[in-house]
Amino acid sequence: DADMLNESVPMEKPSAPPAIKVLSFDIETRANTFSEGEIPLWDKKQCSIYSVAITTHWLGCADALHAHYVLVKPPNFDIDQDTLLERTEFTHVNIVANEKELLHHVCAIFSQEDPVIITGYNMDNYDLPWIIHRAPKKALKWGKNHFRGVSIRKKVLDSSGLGKNDTWDTTADGIILFDLYPY
């Protein structure tokens, strides 16, 4: 019996590392009634998201699987989706009529791509709050198998040197959220 413990058990070498899909995104916003120095905020009705760029790749691989671009059609914009697709490096382009349609497309892409990791630059304090607060709640169920929803909690940092600052703590069940801004 003691000899059995000392015997090595042959282990199969995995054929490939597990596939971990990474989704990176960035939103562009505007204040529809612009004032000098105004930062568009999700809780102001006069502000809106006008474009979102999303790329996906396998962890450890630099080549993009997909590169999506969703754009609210500006006034007097006469380039169609196919022309825009030809002139860019995006693999998918959607030109939509308004922010509501844009958010439906973005949430559908997040769900379809089913990432394990979501990254962005200042996404915790800017991009994710915009999407979470403005998208219909039923559209926020990203991922096919493991994601059940997102939660966002306001945190207030109050210091004598920096003053009072609002930040956001965002979590997503089953997805790693990695904001590059603090690094």
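Check the entry above for the structure.
Report follows, based on the coordinates. (Residues numbered from 1 in each chain as written. Predicted model: local features only at pLDDT ≥ 70, side-chain atom pairs only at ≥ 80, totals over all residues. Heavy atoms only, no water.)

Here's the deal with the packing of helix α3 (residues 99-113) against helix α4 (residues 123-134)
Quick reminder of the rule: Throughout, an axis means a line fitted to C-alpha atoms (over the contacting stretch in the case of helices), and angles, computed between N-to-C directions, take values from 0 to 180 degrees. Helix and strand labels come from DSSP, where a helix needs a run of H or I of at least four residues and a strand needs a run of E of at least two; each type is numbered from the N terminus. Geometric relationships in this document are graded by angle, where less than 35 degrees denotes roughly parallel, more than 145 denotes roughly antiparallel, 65 to 115 denotes roughly perpendicular, and other angles denote oblique. The criterion used for residue contact is that any of the two residues' heavy atoms lie within 4.5 Å. Charged means Asp, Glu, Lys or Arg here, nonpolar means Ala, Val, Leu, Ile, Met, Phe, Trp, Tyr, Cys or Pro, and polar covers whatever is left, Gly included.
Closest axis-to-axis distance for the α3/α4 pair is 10 Å, and the angle between their directions is 105 degrees. In terms of axis orientation, α3 runs roughly perpendicular to α4. Here Glu-99, Leu-103, Val-106 and Cys-107 of α3 lie close against α4, whose contacting residues are Trp-130, Ile-131 and Arg-134. Taken together, the residues of the contact of α3 with α4 sort by class into five nonpolar, no polar and two charged.

A closer look at the nonpolar core
Applicable threshold: Side-chain atoms within 4.5 Å are what join buried Ala, Val, Leu, Ile, Met, Phe, Trp, Tyr and Cys residues into a set we call a nonpolar core. A simple rule labels every residue: compare its accessible area, found with a 1.4 Å probe on the protein chains alone, to the largest value its type can have, and call it buried under 20%, exposed over 50%, or partly exposed in between.
In terms of nonpolar packing, the biggest core is built from 28 residues, with Phe-25, Ile-27, Ile-54, Leu-102, Val-106 and Ile-118 touching the most fellow members. For this core, the secondary-structure elements that each account for two or more residues are β1 (21-31), β2 (47-58), β3 (66-72), α3 and α4. Grouped together as the second largest cluster of nonpolar side chains are five residues, Tyr-69, Leu-71, Val-93 and Ile-95 included.

A short note on the pairing of strand β8 (residues 176-179)
Test applied: Two strands are counted as paired when DSSP detects at least two bridges linking them.
The alternating pattern of β8 places Leu-177 and Asp-179 on a buried face and Ile-176 and Phe-178 on a face that is not buried. Relative to β8, strand β5 (residues 117-120) runs parallel, the two being bridged by four bridges. Bridged to Ile-118 within β8 is Leu-177.

A word on unusual backbone geometry
A positive phi angle is found at Asn-76, which is not glycine, with a value near 60 degrees. Locating Asn-76 in the fold gives a position in the loop between β3 and α2 (81-87). You will see that Asn-122, though not glycine, has its phi angle at about 60 degrees, which is positive. Among the structural elements, Asn-122 can be located in the loop between β5 and α4.

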